[in-house]
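Analysis of the macromolecular model
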Amino acid sequence: MIVAVDLSDMLKMSANARSFLKRVPMIINRRLVKEANLARSHHRYQNRTRRLQQSTFTMGPVTAGNDATVSEFGARMPYAGYVEARGFQDLAGHAATAAADIANILIDGARGA
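Residues numbered from 1 in each chain as written. Predicted model: local features only at pLDDT ≥ 70, side-chain atom pairs only at ≥ 80, totals over all residues. Heavy atoms only, no water.

1. A word on a nonpolar patch on the surface
Heads up, the condition is: A patch is a set of surface residues, each over 30% in relative accessible area and not in a salt bridge, joined within 9 Å for like charges and within 5 Å for the nonpolar side chains Val, Leu, Ile, Met, Phe, Trp and Tyr. Shrake-Rupley sampling with a 1.4 Å probe provides the accessible areas, and residues are treated as covered by the protein chains on show and by no other component. Salt bridges, as used here, are contacts in which a Lys or Arg side-chain nitrogen is within 4 Å of a carboxyl oxygen on Asp or Glu. A run of H or I in DSSP counts as a helix once it spans at least four residues, and a run of E counts as a strand once it spans at least two, with each numbered from the N terminus.
A cluster of nonpolar side chains, namely Met-1, Val-3, Val-5, Leu-7, Met-10 and Leu-11, defines an oily patch on the protein surface of about 750 Å² accessible area. Residue placement: Val-5 occurs in the segment before α1 (8-41).

Below, the structure written as structure tokens:
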């Protein structure tokens, strides 16, 4: 007796998963850039020189080490930490929002792949 097993659905799912995984870095970067733009435009400090606002950046995702992937989000001016600590900007909050959104996007994408 010979039993034929149709694997076409599994192969299609595998191809969809690979396609989604190729888009993950772009998905992550797009969401981080959106949040960096929000951080630049939604702050409570007086923007006299525009240096702090212009130094807000995002970079990533970047592979760091064997299996670790990191993204950076912040402001490059030396006094950015002071402004954050005083509550005039919320880069940590923006980064946390982006991380939560990215997690949801990846979960939804994995379910749909």
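2. Things to note about the pattern of salt bridges
Side chains that differ in sign of charge can pair as their charged atoms come close. As a reminder, the rule being used: Per-residue accessibility, obtained with a 1.4 Å probe over protein chains only, is compared with the maximum for each type, and a residue is labelled buried under 20%, exposed over 50%, and partly exposed between these values.
Applying the stated rule across the entire model yields two salt bridges. A salt bridge links Arg-31 to Glu-35; its shortest N-O distance comes to 2.7 Å. Placement of both Arg-31 and Glu-35 in helix α1 is noted, with a separation of four residues, approximately one turn of the helix. Comparing Arg-31 with Glu-35, the two get one shared label, buried. In this structure, the salt-bridge partner of Asp-101 is Arg-31, at a minimum N-O distance of 2.5 Å.

Keep in mind that these numbers describe shape and distance, not what the molecule does.
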